[in-house]
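Spelled out, the chains give:
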Amino acid sequence: MSSDAVKKRKPKVIRNEAGTPETKRGRAEGEQDVLVYNEEVELEGRDPQQDYMLYKDTCAALAKLMAEIQELKSGGAKVGSVEMEERRRQCSVHFITLKKLNRMAHMRLKKGRDQTHEAKQRVDVLHLQLQNLLYEVMHLQKEISKCLEFKSQHEEIELVSEEEFFQEAPAEISRPHVTRDDHHQLTLARLDWELEQRKRLAEQYKMSLARKEKIHKAIEQKREYLSSLQPGLQSIMQASLPVQECLSMPFEQMQKQAEVARHLPPPLYVLLVQAAAYGQACDKTLSASISGDVDEAKALSRPPEDSQDDESDSDAEEEQQNTKRRRATVGVQLDDKRKEMLRRHPLSLCVDLKCKAPKSNLLQLTQSTQLELLNSESLLNCLYASDHGQETPNPTNRYQFDKVGITTFVDYVSDLGHPYVWVQKLGGLQFSSDGAQVCVLMGNALSASHMERTMKLLQGRLQARLALHKQFSSLEHSIIPVSGECQHLFPAKVVSGLTRWTMMSYQEFTELGFVQHVLKAGLLRETDLFFMAVVERGTGGNCALVSDSSLSTCSSEVNVFRAELQGPRPGLQLLTNQIQRLCVCLDVYLEMESQVCDGSEGPKEFPREKMCLRTARGPSRLKPFKYNHPQGFFSHR
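Residues numbered from 1 in each chain as written. Predicted model: local features only at pLDDT ≥ 70, side-chain atom pairs only at ≥ 80, totals over all residues. Heavy atoms only, no water.

The secondary structure content of the chain amounts to 24 helices and 10 strands. Relative to its full complement of 637 residues, the chain shows a buried share of 26%. Taking the intrachain contacts of the chain between residues at least 6 apart in sequence as the baseline, contacts between residues at least 24 apart amount to 63%. (Helix = DSSP H or I, 4+ residues; strand = E, 2+ residues; numbered from the N terminus. Buried < 20%, exposed > 50% of the residue type's maximum accessible area, 1.4 Å probe, protein only. Contact = heavy atoms within 4.5 Å.)

Our next topic: the packing of aromatic side chains. Centre-to-centre distance and the angle between the planes together describe a pair of aromatic rings. Following the criterion strictly, the structure yields three aromatic pairs and no others. Look at Tyr420 and Trp422: their rings are 5.9 Å apart centre to centre, the planes differ by 20 degrees, and that puts the pair in the stacked class. This pair shows no difference in class: Tyr420 is buried, exactly as Trp422 is. (Phe/Tyr/Trp six-rings, centres within 6.5 Å; stacked < 30°, edge-to-face > 60°.)

Counting residues in hydrophobic clusters, the biggest one holds 27 residues, and the most contacted among them are Leu475 and Leu498. Looking at this core, the elements that each hand over two or more residues are α20 (444–476), β6 (497–504), α23 (549–559) and α24 (574–597). For this core, the element with the highest residue contribution is α24, accounting for 11 residues. If sequence neighbours within four positions are ignored, Leu475 has contacts with Ile480, Leu498, Trp501, Leu575 and Ile579. Leu271, Ala297, Leu383 and Met451 belong to the second largest nonpolar core, which has 23 residues in total. (Core = buried A, V, L, I, M, F, W, Y, C linked by side-chain atoms within 4.5 Å.)

In this section: unusual backbone geometry. A negative phi holds for most residues other than glycine; trans holds for most peptide bonds. The omega torsion of the bond from His629 to Pro630 falls at 10 degrees, within 30 degrees of zero and hence cis. Within the chain, Arg175 stands out as a residue other than glycine whose phi angle is a positive 45 degrees. Considering the arrangement of structural elements, one finds Arg175 in the loop between α7 (171–174) and α8 (176–179).

A few words now on the pattern of salt bridges. Inspection of every chain in the model, using the stated rule, returns 11 salt bridges. Note that Glu86 is salt-bridged to Arg89, the shortest N-O span being 2.5 Å. On the criterion of helical spacing, the pair formed by Glu86 and Arg89 is a turn pair, its members being three residues apart in helix α5 (residues 82–149). Judged by its relative accessible area of 33%, Glu86 is partly exposed. Two residues, Glu452 and Lys456, come together in a salt bridge whose shortest N-O distance is 3.2 Å. Of this pair, Glu452 and Lys456 both sit in helix α20, four residues apart, which is roughly one turn of the helix. Accessibility expressed as a relative area gives 39% for Glu452, which makes it partly exposed. (Salt bridge = Lys/Arg side-chain N within 4 Å of Asp/Glu carboxyl O.)

Quick look at α5 now. It helps to recall that an α-helix has 3.6 residues per turn; residues three or four apart then point in one direction. Over its 68 residues, α5 extends 99 Å from the first C-alpha to the last, a length consistent with the 100 Å expected when each residue adds 1.5 Å. Buried within α5 we find Met84, Cys91, Leu98, Leu101, Met104 and Met107. Contact partners of the buried residues in α5: α3 (39–44) and α4 (48–74). (Expected span 1.5 Å × (residues − 1).)

Another point: helix α17 (residues 396–404). Listing the buried residues of α17 in full gives Asn397, Phe401 and Val404. Burial along α17 is one-sided: seen end-on, the buried residues are contained in an arc of 65 degrees. Exposed residues on α17 whose side chains face more than 90 degrees from its buried face are Tyr399 and Lys403. (Arc of directions from axis to C-beta.)

Next up on the list: the confidence of the model for the chain. Here the chain shows a mean pLDDT of 76. Residues at 70 or above account for 78%. Per-element confidence in the chain ranges from a low mean pLDDT of 41 for helix α1 (residues 3–9) to a high of 93 for α5. Below a pLDDT of 50 lies the segment residues 435–439, which in the model reaches three contacts outside its immediate sequence neighbourhood of four places, other chains included. In this model, residues 543–547 is a region of pLDDT below 50 whose contacts with residues beyond four sequence positions or in other chains number four contacts. (pLDDT = per-residue confidence, 0-100.)

Its location among the elements puts Cys583 in helix α24. For Cys583, a relative accessible area of 0% gives the class buried. Along the chain, Cys583 and Val495 lie 88 residues apart, while their C-alpha atoms are 7.7 Å from each other. Contact partners of Cys583, with chain neighbours within four places excluded, come to Ile480, Val494, Ser496, Gly497, Leu498 and Val535.

Okay, the pairing of strand β4 (residues 347–353) next. Taken across its seven residues, β4 has six buried, putting it largely inside the fold. Of the strand pairs in this sheet, strand β3 (residues 287–292) and β4 are connected by six bridges, and their pairing is antiparallel. Among the inter-strand pairings, Ser289 is bridged to a residue of β4, identified as Cys350. (Pairing = 2+ DSSP bridges.)

Attention shifts here to a nonpolar patch on the surface. Together, Tyr225, Leu226, Leu229, Leu233 and Ile236 give the surface a local cluster of nonpolar side chains, amounting to about 530 Å² of exposed area. Positionally, Leu229 belongs in helix α9 (residues 183–239). Since its relative accessible area comes to 36%, Leu229 is described here as partly exposed. (Patch = residues over 30% accessible without salt bridge, like charges linked within 9 Å, V, L, I, M, F, W, Y side chains within 5 Å. Areas by Shrake-Rupley, 256 points an atom, 1.4 Å probe, with all protein chains shown as cover.)

Right, let's get into the packing of α4 against α5. Two numbers describe how α4 lies on α5: the axes approach to 9 Å, and their chain directions differ by 155 degrees. As far as their axial angle goes, α5 and α4 are roughly antiparallel. Crossing hand, α4 versus α5: left-handed. A class-by-class count of the residues in the contact of α4 with α5 yields 15 nonpolar, four polar and seven charged. (Axes fitted to C-alpha atoms, helices over the stretch in contact; angles between N-to-C directions. Parallel < 35°, antiparallel > 145°, perpendicular 65-115°, else oblique. Left-handed = near helix turned anticlockwise from the far one by under 90°. Nonpolar A, V, L, I, M, F, W, Y, C, P; charged D, E, K, R; others polar.)

Glancing now at the packing of helix α12 (residues 266–281) against α20. Look at α12 against α20: their axes get within 10 Å of each other, and the N-to-C directions meet at 55 degrees. It follows that α12 is oblique to α20 by the angle criterion. Here the hand of the crossing between α12 and α20 comes out right-handed. Listed contacts from α20 to Val270, Leu271, Gln274, Ala275 and Tyr278 of α12 are Asn444, Ser447, Ala448, Met451, Glu452, Met455 and Lys456. For the contact of α12 with α20, the residue count by class is seven nonpolar, three polar and two charged.

Below, the discussion takes up the side chain of Gln578. Tracing the backbone shows Gln578 in helix α24. With relative accessibility at 15%, the residue Gln578 sits in the buried group.

Within the secondary structure, Ser447 is located in helix α20. Setting aside residues no more than four positions away along its own chain, Ser447 makes contact with Val270, Gln274, Lys425, Leu426 and Gly428.

All right, on to the environment of Val160 then. Following the sequence through the fold, Val160 ends up in the loop between α5 and α6 (162–168). When residues no more than four places from it in sequence are discounted, the contact partners of Val160 are Phe165, Arg190, Trp193, Glu194 and Gln197.

Below, the structure written as structure tokens:
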């Protein structure tokens, strides 16, 4: 067969990727043997998975052919040989297949993007429609809410009840035949009746104002008349001052104090009233007085003025800017709040209590003395059991202190004073504690229930301290004062004497070795007073550093049997009597010990002068320290 015949029989293929099948067929209507090839139409009928497998197979076949060509070249085959050309043609066919698959992949990608874009457009249209519907729904809901929340002005008016309205309102306003069945007409009728009542009340208000003005004028006239009497009354009061002093009725002073007392805090006012009442009824020596700045107290009790509402906006903005520029730090603010909370009141109350002892000074609860025994911390501490005044008894103060950064109240006791519980009760304040029953008495009743006992305790405490101070003055000069009522407790001759009397601090006392058991028992407090006494007789002495079984018995004789040394009531000679008995016990100890240790004859340093039934008793050879009056001998207990 000739090549021309073959060319006639071979169909002509036209590639057209852009045109449609109809257009391609239209362009080739005159040629019957022409076929139109459209890859887009072919793409719709192809499976992507099969194309992927064809791509893998083509790549594998192409790699295999490349390897065979490499082997042929390595084996010495020529470039134009039949084997080489055949494999090159096959590689070309595979490259054409790969290009076609690449075009198919790009067309699939473009088609997928177009479909995705169309889907997104449809979703955007639906979303926009949804937003429009939601906005319409929200608008309708707002309109419904406005309608439901609408309030008429008549709803703010408090109308009379329906029963009262039908009973009191006239028939031309109430119209019961219409309003009983129509709620709207009923509301209108009730509003009309309310208007009528308000008109009537307005007329009454005008009449009341006129009557008030008339009464006010009468009061002003009487006030002017009373003011004209004031100079005459003052002259009469001045003339009556000598009579008031003579009769002990200071009416003017009491009036001035009552005027100032109105500005006291409530607890101090309660204490003032109860102290004055107790002084008049039970103790004429007790008196109460007020000191301080009265004008500052008045300013403190005056309510703050209302802020002016007519300040301009510019002033407010300027003040705000200045505040921002002068904004204080947190520490400064806490310090200011702490000072404001702990600020003293301008007025203070001073209660003066006199003792019945001769030559005694006044006890002032608000003032301390220079004497160690009579200062406020020592004198007022533990007036009642366990009342040290180191912490505030008010549990509310704990939360107030936390807000301003106060960790412990003890740091401020030196500036503010001790918050003793008995002082709170005298002021009418009662605070509950854990496990304690809250007292039902408050105010004046609570203060009155504790006033008499507290005043007697204060008088007894002061009398004891004054007597103790007098004894300390003698002891500092190595003199043991023994009153005539207590002479029978000791023998006529006591050779041992006090050689030193010094005051010790709490730290110095705790450093002594023989007091450690007392510390462990919790019998000592830092607020106690500590003294050291040294009793000697010749070369023998008795001090705290000596330890002996007989000296322990001597200590028991002084401390355990102290009831014998109380003396006459109220027993204020106990300390000096104990020291005197310590001297007597030292005499007995030295005389008895010298007799046992030294059996030689001749003069002795400690001659026996005390008469004893037995010089020693028991395995520990205890000495007879008990003095028997009036026989005058010593025996064992």
